[in-house]
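For reference, the chains in residue letters:
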Amino acid sequence: MTNDKSSSPSFDDLRQNIDAIDREIHALLMRRADVVMALGALKKTDGGASAPLALRPGREAVILRKLAETHKGPFPLPALLGIWRSMISAYLHMQTPFNVLVPQQDQGISFGAGSLWDLARSHFGAAIPIHTAASPRAIVTALAHDPTLLGVLPRPTLDDWWTTLPLGHADRPHIVAALPAWSSDGPHAYLLSRTPPEPMGADVALILVRGTEMDSSVILQAAHRAGLDDASISAYKAGIDGHASHLIATRRLDAVAGAEGPLAAAVRGEAGLAGLFAEPLAL
Ligand SMILES: C=C(O[C@@H]1C=C(C(=O)O)C=C[C@H]1O)C(=O)O
C-alpha cells in the first residue's frame, strides 16, 4: 500500500512532534535560567566580587567557538550562533541589567558599511535596551561614569574615540570584544565595557600608546624590542598639539604587560592595555 499511515507521518503528527520539541527547548531554557541566576548569586558573594556587570566576554567567546566547532547538520550555523548570542545576552541581563550605547549616525557620518545599531541589535538580541549617544567619544565618557553601560564603537581607523581611552587604573573602559562575533572580514566594531578584559584563546591585544613620537615605525621597533614580534599598528592619530596616539595589535598576550614600559619610554608618554578581543569566527 502506498498510503500506509503507519509508515508516513501526517501533518498533524509532525506538528505535534514540533510542539513537543518546543516544550523541551522551553523547559531547558528555564533550567538554564535557574543555573545562570545561581551563578549570578555566586558572583556577588564569592570573594566580594560584586561587579556591577556580570559580563564575561571571554566565556561568551569560548561558548560560541565550541558551538561552531561541534555543529553538524543542515541547520545554518549563523542562525544557531545568533540564537546563542541572543540567549547569552538575555541571561546576562537577568544577572545584572545593562544598557547598550551606539553612536548616532547622522547623514554624512558613516562608521562603516552597516549601521552600528543593527550590529548591536543582532549581537545582543531583541531583549536588550539600546540607545544612541551623540558621538563615539561621548560613549567613552558615559562608560567612565556608569559601569552598567556597554558601548558599541566603530573601528578605530574610522573614528579616533580610542585616543581618549583612560589608561592606568583597572576599573576603566576597555575593549572586550569584537563585533560581529562571526565575520569573513574581521571586526566591524568593538565592544567597550568597564569589565576587565580576559583572555579567551584566540585573542588580539590592543595597546594604546600616547606621546610625542609621530613616526609609527619607531613605535613598532620599540614593540619588537619589547618582545611583541607580531606587533602591527592598527590605528594612528596625530594631534594638532604635537602629540600622537598609536594603537598596536598583537597576539603576544604574554608579552603585553612587560611591553608597556618600553613603549611608553619610546614615545615619552604613556602606554597601556586598551583591551583584548576574541577574533571573530571565520565560518
Ligand atoms: C553565565 C555567565 O554569565 C554571563 C552569561 C553567560 C551565558 O549565559 O552563558 C556567559 C557569560 C557571562 O557573560 C557566566 O559567567 O558563565
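Cut-off values and rules
- Residues numbered from 1 in each chain as written.
- Predicted model: local features only at pLDDT ≥ 70, side-chain atom pairs only at ≥ 80, totals over all residues.
- Heavy atoms only, no water.
- Buried < 20%, exposed > 50% of the residue type's maximum accessible area, 1.4 Å probe, protein only.
- Helix = DSSP H or I, 4+ residues; strand = E, 2+ residues; numbered from the N terminus.
- Pairing = 2+ DSSP bridges.
- Contact = heavy atoms within 4.5 Å.

Looking at an unreviewed UniProt entry, one finds the chain named chorismate mutase and attributed to Govanella unica.

Right, let's talk about the pairing of strand β1 (residues 99-103) for a bit. Among the 5 residues in β1, 4 count as buried, and that is most of the element. Two elements, β1 and strand β3 (residues 149-154), share 3 bridges in a ladder whose sense is parallel. Paired with Val100 across the bridge in β3 is Leu150. In the sheet, β1 pairs with strand β2 (residues 130-133) via 4 bridges, with the strands oriented parallel. Across the sheet, residue Val100 finds its bridge partner in β2, namely Ile130.

Time to look at the environment of Thr212. With respect to the helices and strands, the residue Thr212 is situated in the loop between β6 (203-211) and α6 (216-225). Along the chain, Thr212 and Gly227 lie 15 residues apart, while their C-alpha atoms are 22 Å from each other. If sequence neighbours within four positions are ignored, Thr212 has contacts with Gly242, His243, Val267 and Arg268.

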